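# A structural walkthrough
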Amino acid sequence: MKKILLLLCMIFGLETLQAQHSTLRFSDQPINLNQQSLLVVPFERSMYLSDVNPAIARANQMTTDQIVDRFTAAVDQSLRSAFQEKCDVSSFYLVEEEEMETDLNYIYSKLKLEYELVSETEEKSKLQGLKDKLKGEEDNRYQRGSIQNGQVVSKRDDRKRYMKAVVKDNNMLDSMHYKFDNKYFLFVNELDLQNNYTDGVNMQQMQYKRVIRLHYTLYHKDGQILSTGVSKTNFPATENDIDVITRKYFPILAQQIFEDLFPPEEEEEKGKFGLKKWK
């Protein structure tokens, strides 16, 4: 019993120290995005998952559709700003709206989104393996969110996970490459906003935090998946102003993704000897 308690303490201690963003690399070579062309693909409307949407809607007098549009555009703008100094960034927001909708519907029809738990990767450590045994078998199936009657409907899931985009048809990549002349695709897969209810005292005092998570996958135009991951940041539960949220916190998410894909040289050296590495 004492050994189990000690193990649990070690596990939860490590979880507390985990970084705000993580990425899974699929290449044993450094990803050289420097001065390369990159196309940012926004997330589907149904991949906005939120249990704070009613508060944001009331505070800003906006519908769910308007909020999703605003957040989607803000994510795209933040990523363009973060990557523009080192990449030639293309965006669907720089083309006509009707053309954008047609192209995105085509792209989404050729993508499959896979819900993955971090513990299911090949980087599972011995400690993680012991943790899994203690937790027993879990249901890893992805429960897709939806918008019903103008309201976001989603199932809360606090397990550490990421949403990975899988290209089903490389002809789609060829088509978009022909149009935008891009070498890389940055797929934005999902945007989550959740209340953090872990501290009961702070909940009563309305001092608890909310969490924003942004999931992404990077592809080469030849169909090779290079990296996938999630960035995360917190913001106060009292903050419902959509202008403040997008201006102050979305750039943090974009910068974390930039840092994942442009790691310091010493981290690149560490990654040369393994195919996959969680940060």
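Read on for a plain summary of the structure. (Residues numbered from 1 in each chain as written. Predicted model: local features only at pLDDT ≥ 70, side-chain atom pairs only at ≥ 80, totals over all residues. Heavy atoms only, no water.)

### So, the overall build of the protein chain
Broken down by element type, the protein chain carries ten helices and eleven strands. Among the 279 residues that make up the protein chain, the fraction classed as buried is 47%. Taking contacts inside the protein chain between residues at least 6 apart in sequence as the whole, the part at least 24 apart equals 77%. For the protein chain, the exposed surface amounts to about 15,100 Å²; the carbon and sulfur share of it is 48%. (Helix = DSSP H or I, 4+ residues; strand = E, 2+ residues; numbered from the N terminus. Buried < 20%, exposed > 50% of the residue type's maximum accessible area, 1.4 Å probe, protein only. Contact = heavy atoms within 4.5 Å. Areas by Shrake-Rupley, 256 points an atom, 1.4 Å probe, with all protein chains shown as cover.)

### What about the side chain of S78?
Inspection of the secondary structure puts S78 in helix α3 (residues 64-83). Residue S78 is classed as buried on the basis of its relative accessible area, which comes to 11%.

### Some thoughts on the packing of helix α2 (residues 53-60) against α3
Packed helix pairs are specified by the crossing angle of their axes together with the interaxial distance, meaning the distance between the axes. Packing of α2 against α3 brings their axes to within 10 Å, and their N-to-C directions diverge by 95 degrees. With respect to their mutual orientation, α2 and α3 come out roughly perpendicular. Every residue of α3 that contacts α2 at N53, I56 and A57 is listed here: T64, I67 and F71. Along the lines of polarity and charge, the residues of the contact of α2 with α3 split into four nonpolar, two polar and no charged. (Axes fitted to C-alpha atoms, helices over the stretch in contact; angles between N-to-C directions. Parallel < 35°, antiparallel > 145°, perpendicular 65-115°, else oblique. Nonpolar A, V, L, I, M, F, W, Y, C, P; charged D, E, K, R; others polar.)

### Structural notes on the pairing of strand β9 (residues 184-195)
With twelve of twelve residues buried, β9 is to be regarded as a mostly interior element. Examined bridge by bridge, strand β2 (residues 36-41) and β9 share four bridges and lie parallel to one another. By the bridge assignment for β9, L38 is matched with Y184. Alignment of strand β3 (residues 48-50) against β9, held across three bridges, turns out to be parallel. Residue pairing in the sheet places L49 in a bridge with D192 of β9. Bridge count between β9 and strand β10 (residues 209-220): eleven bridges; the pairing is antiparallel. (Pairing = 2+ DSSP bridges.)

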